[in-house]
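A look at the structure
This is what each chain is made of:
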Amino acid sequence: MSTSSSLPIEHVRGDVERALGRAEPIVVAAPTGSGKSTQLPGWLAEAGPVLVVEPRRVACRALASWVAKLHGETLGEDVGYRVRFDDRTTAETRIVFATPGIALNLLASGEAERFATIMVDEFHERSWEIDLLVMLVRRARAAGGGPRLLLCSATLDTDALVEALAAQRIEAEGRRFPVTVAYRGEATPSPRDLEPRVAAAVEHAIGNWPEGDVLVFLPGKGEIERCGRALARLPVTCCPVHGGLPPAALMRAFAEAPGRRVFLSTNVAETSLTLPGVRVVIDSGLVRRRQHQAGRSVLALLPISRASMEQRAGRAGRVAEGHCIRLWGEGFAADAVTPPEIARVELDDMVLRASQCGISAGELHEAPWVESPPPFALEAAIERLRAAATLDGQGRLTAVGRARAKLPVSTMSARILVDPPSALAGTIADLVALMELSRDLVLPGMQSESVQLARRELFGKAVDEVEVQRLALRAGKARAHGLHPAALEEARKLTRALRAAVGAKSRADEKELDRDALVQHLLERVPEAAFVPRARASKVKGKPRPGKGKGPSAVPWGNGRLEVLVRPTWVPGLEADEQPSAAEAGVLLDLEWLGHGRSAQGRGRMLLRCRLRQLHAAGLGDTTFGPPILDRKGRRTEVVADQERTYAGVCLHRERAPLTGAALCEGIATLLLDGRVIKGLGERVRDDLHLWGLIEQDGEGEPQPVPEPLEFLRERLQTLGLSSFEELSLLEPDDLCPDVEARATARGIFGRALQSLREDFPRIFAYESTVYHCRVELRARRVTLHVQRAKGKGSEPPVRVLPRFRGFAVEYQKASRRLRLR
C-alpha cells in the first residue's frame, strides 16, 4: 500500500520505518503541506493495520476518501473511516480513520488490539478524548501490550512532548510559499460587526487578487450562516465547511463551482483539512472553545493563539504565493498556544470513558498523562457521577454506569436513555437525538406564506419547544416547513441509531405520547433539569419581533443552583395572540454556558413544560415548617404544622399536616423548650447544656463544641426512635437531658469541683423585672451579662445582687455598649 510522492514528508520515510522497530512512542513534527496525514498511514500499514485518529468527522471522511483515491482503491475496503453512526470499514480494512470517540470505543471493547499502530494526527488540538486515548495506549504499553503510538502535528512543542513521553523525534520540512499578512481592524479580535467586516475584506480580496479561492476562518456555524447572507451580493460562491456537514455537502465544497469560491470555515480547516485552490485567507482571529470560567465549563468566544494564527495564514501558501488578512490590529499580543481541553472543561464524560476502559476514578490521579487534569475538576466530576449512581464508592462503574457508558451520547443523555419505559423508548430516543444535536431544526427569519401555512398545520397544537422540535424531526420536510436540511438529516440519523440501541418500536406502532409519564421519567433521571421561572421573569415584557420570528425576549429561570435565560415558547406558523401561555415549570434539556466578559451567562432551550404539582410529586424542593401545633382529637394527639414545599423560591405546595420523622422530633423538641410539654424540662436541658459548656472549658484536653438546646433534643428524640407524640409518655425526663456527670468524669472533673461549677456559674439570674443570661469564659476569668427578658428597656444590675461568679470580672453588654460592673 505505497504510493510515490514528491511531498516533503517523503524525506523522513526511512526515519519513520526505523523508529517503528523500537518500543518508544514516535513524535513526528511536520508543517502544514508536508503530506503527513496522507502519506504516514500508508507507510505504517506496511507494518500492520493502522488506526488513524483525526480530531474531527469532516477530516476523517475527507482524508479517508483522499487516501483511498491515492491508492486506487474503493473507500471502505483497504482504506475506510469510522465516525459516530457512520462506518465505512470491514474487518480487513488496514487503514482506518476514526474520530477520538470511536477510537476510545475500540480500546474499551478490545477491538483496538488488531492494530499494530495508533497514529494520532493533529495532536496539538488536544481534546480530552485525545489526551485520554494517549494515556490509555501508554498505560497498555507499560504493561507489556498494546499498539505502537505515533503522534504528529503541524504545531507542536516537540521538546516538551518528547520529554514527557520519552519518545523518538522525527522532524520533516514543509512546502510553503510566501504569504503576505495585512491587518484590518481593532487591536483585539472582536465579534463586533463581524459580518460586514468579513464582507468588506472578501470584496477587497476579490478586487485586488484575482486568482485562487478565499478561505474565511470563523468561530462557529452561526457566524458562517450570517456571513454567507452578508456575501450574497458579491459574485462569489459560498461554501460552508464545519463538522456538522453531511458527507455529500462536504464533497460539494471540494467540487468545482462556478465563479470564485469563498470557503466559510470553522477551525476545522486550520490543520485537519486542506481546501484546494486557496490563495487568500481572511482570519477573524476568533475561536469558540470551552474553558473553566465563573466556576463552570463555559463555551467562550476567545482570541486564537499565535500558533493558530500562523497555521491559518499558512493555508494561503499551499499552492502558490498567497495573502492573509487579519481582522484585528497588528499590536495584539496573543497567547503562544491553546491550553489542552482537559485543563479547561468539566470532566464527567472523560471519567466515564476512562472507567469504561478499565481505569477506576481513583487511578486517574496517578495515570500516565501527558499533562494531568486539574485535581479540582477531576474530583468534582467523580462526585457528580457518584451522585448520579454511575460510579460506586470505589470509583468504579456501577451496573447502571456500565449501561450508560456503552451509549454513544453524553453523560446526561445516557442517564435519560438507559432502560426507558417501553412505551416511551422511541420518544426518549428522539429527545436524546435532539439533545445531542443541540441545534434548532427550524430555520429563523421570515418564510413564505406556504411555509407558514405548512408550519401551522404541523406545529399548530404544540405547547412547548420540545414538541415543536419533535414534530419537526418526525414529520417535517426541509423545504415545505422551513427546516435546516443538514441538521434534520443528522438528527434523523441519530434517532435511528438510538432507537435501535434501546429497542424502540417503530413510529407506526407507537401510541399517543403520554406527556405526564415522560415528565415523570425525566424528573426521576435528571431532577436537576427541572426549572421554574424566577419571580422577576414576570416583569420582562415579551413582545413579538415582527419579521424575525423569534418571539418574546428570554426570561430568567432557575433550579435553586443555577439561573439561565429561557425564551418563551414560540410556535412557528402561529400568530402572536395564538402562542401558548407562559409555562409555570418545565424540564430544560439543553443548557449552554456562554462566556460574557469575565462572567458566564446560561442559556436554556428544549423546554418540556410541566406543572408545579409534578415537581412536588417527584419530591423536588425543600419543605419549611411553621411553628408546631398540638392537635388534640379525642384521645389522640398529633403534632401538626403549616408546611410549604418550595423549589428555587417558587411554592409548589402548601398544607397543614402532621409532622413525621426528623420534622416530628424537631417539632416536639420545640414544644419541650417552649414549656408546652413536660413543664420545666426545657429549662433543665438549657441549664445542663450550660454546665456542659463549663465542663468543656474547665476539663482536661481540647474543649469540644456543645450542641444548642434544640439540636440536642432533636437528636436525642431521633436516637430514642420517637415516631409519634404518644410515645413521649413512655420517656422519663432523665432520658431527655444531658448526662453532665458522665461528661464531667470523662473530662477529669469530679465531685465537689462539678458542684462548684454548678453553684458558682448559673446560666441565668433575675433582678426585679429583668432576667440576665450569663456567658462564662473560665480561662479569661470573665462573665458577660446580657438581658434575656425584661419589662421595659432593661439595664445593668447593681453589683450587690450579682451571683458569686467565683470572684471573676463581670461585664454588662447591651448592643454595642459594654460596661464593667466588677
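What counts, and where the lines are drawn
Residues numbered from 1 in each chain as written. Predicted model: local features only at pLDDT ≥ 70, side-chain atom pairs only at ≥ 80, totals over all residues. Heavy atoms only, no water. Buried < 20%, exposed > 50% of the residue type's maximum accessible area, 1.4 Å probe, protein only. Helix = DSSP H or I, 4+ residues; strand = E, 2+ residues; numbered from the N terminus. Pairing = 2+ DSSP bridges. Phe/Tyr/Trp six-rings, centres within 6.5 Å; stacked < 30°, edge-to-face > 60°. Axes fitted to C-alpha atoms, helices over the stretch in contact; angles between N-to-C directions. Contact = heavy atoms within 4.5 Å. Core = buried A, V, L, I, M, F, W, Y, C linked by side-chain atoms within 4.5 Å.

Examining the pairing of strand β10 (residues 213-217)
β10 sits mainly inside the fold: five of its five residues count as buried. Both faces of β10 are covered, namely the face carrying D213, L215 and F217 and the face carrying V214 and V216. Relative to strand β12 (residues 260-265), β10 is paired through four bridges, and the arrangement is parallel. Within β12, the position partnered with L215 by the bridge is F263.

Quick notes on the packing of aromatic side chains
What the rule picks out here adds up to six aromatic pairs. With centroids separated by 6.4 Å and ring planes inclined at 85°, the aromatic side chains of W692 and F712 adopt a geometry described as edge-to-face. Here F712 lies in helix α24 (residues 709-719) and W692 lies in helix α23 (residues 681-698), a separation of 20 residues in the sequence. Like W692, the residue F712 is buried in the burial classification. With a centroid separation of 5.1 Å and an interplanar angle of 55°, the aromatic rings of F761 and F808 are classed as tilted. With F761 in the loop between α27 (751-760) and β26 (764-767) and F808 in the loop between β28 (782-790) and β29 (809-814), this residue pair connects regions lying 47 residues apart in the sequence. With respect to burial, F761 and F808 carry one shared label: buried. Through pairs of rings, three or more aromatic residues link up here, namely F761, F805 and F808.

Describing unusual backbone geometry
The phi angle at D193 is positive, at roughly 55°, despite the residue not being glycine. Using a relative accessible area of 51% as the deciding quantity, one classes D193 as exposed.

Some remarks on the sheet that holds strand β7 (residues 148-153)
Spatial strand order, β4-β3-β5-β2-β6-β7-β1-β8: eight strands in an open sheet with mixed pairing. The outermost strands of the open sheet, each flanked by one partner alone, are β4 (86-88) and β8 (168-171). Averaged over neighbouring strand pairs, the angle between their axes works out to 20° when direction is ignored. Of the strand pairs in this sheet, strand β2 (residues 50-53) and strand β5 (residues 95-98) are connected by four bridges, and their pairing is parallel. If you follow L51 over to β5, its bridge partner there is V96. Each of β2, β3 (79-83) and β5 touches helix α4 (residues 100-109); the most contacted strand, β2, lies at about 140° to it. Helix α5 (residues 128-142) contacts β2, β6 (117-120) and β7 of the sheet and is inclined by roughly 150° relative to β7.

Brief notes about the nonpolar core
General note: in soluble globular proteins, nonpolar side chains tend to be found buried as a group. Core analysis: the largest hydrophobic core is formed by 53 residues, its most contacted members being L441, L589 and L615. Looking at this core, the element that brings in the most residues is helix α15 (residues 425-437), giving eight residues. When near neighbours in sequence (up to four residues on either side) are disregarded, L589 contacts M412, I416, L431, M435, V466, L522, R605 and M606. Within the second largest apolar cluster, 50 residues are counted, among which are A103, L151, V370 and A405.

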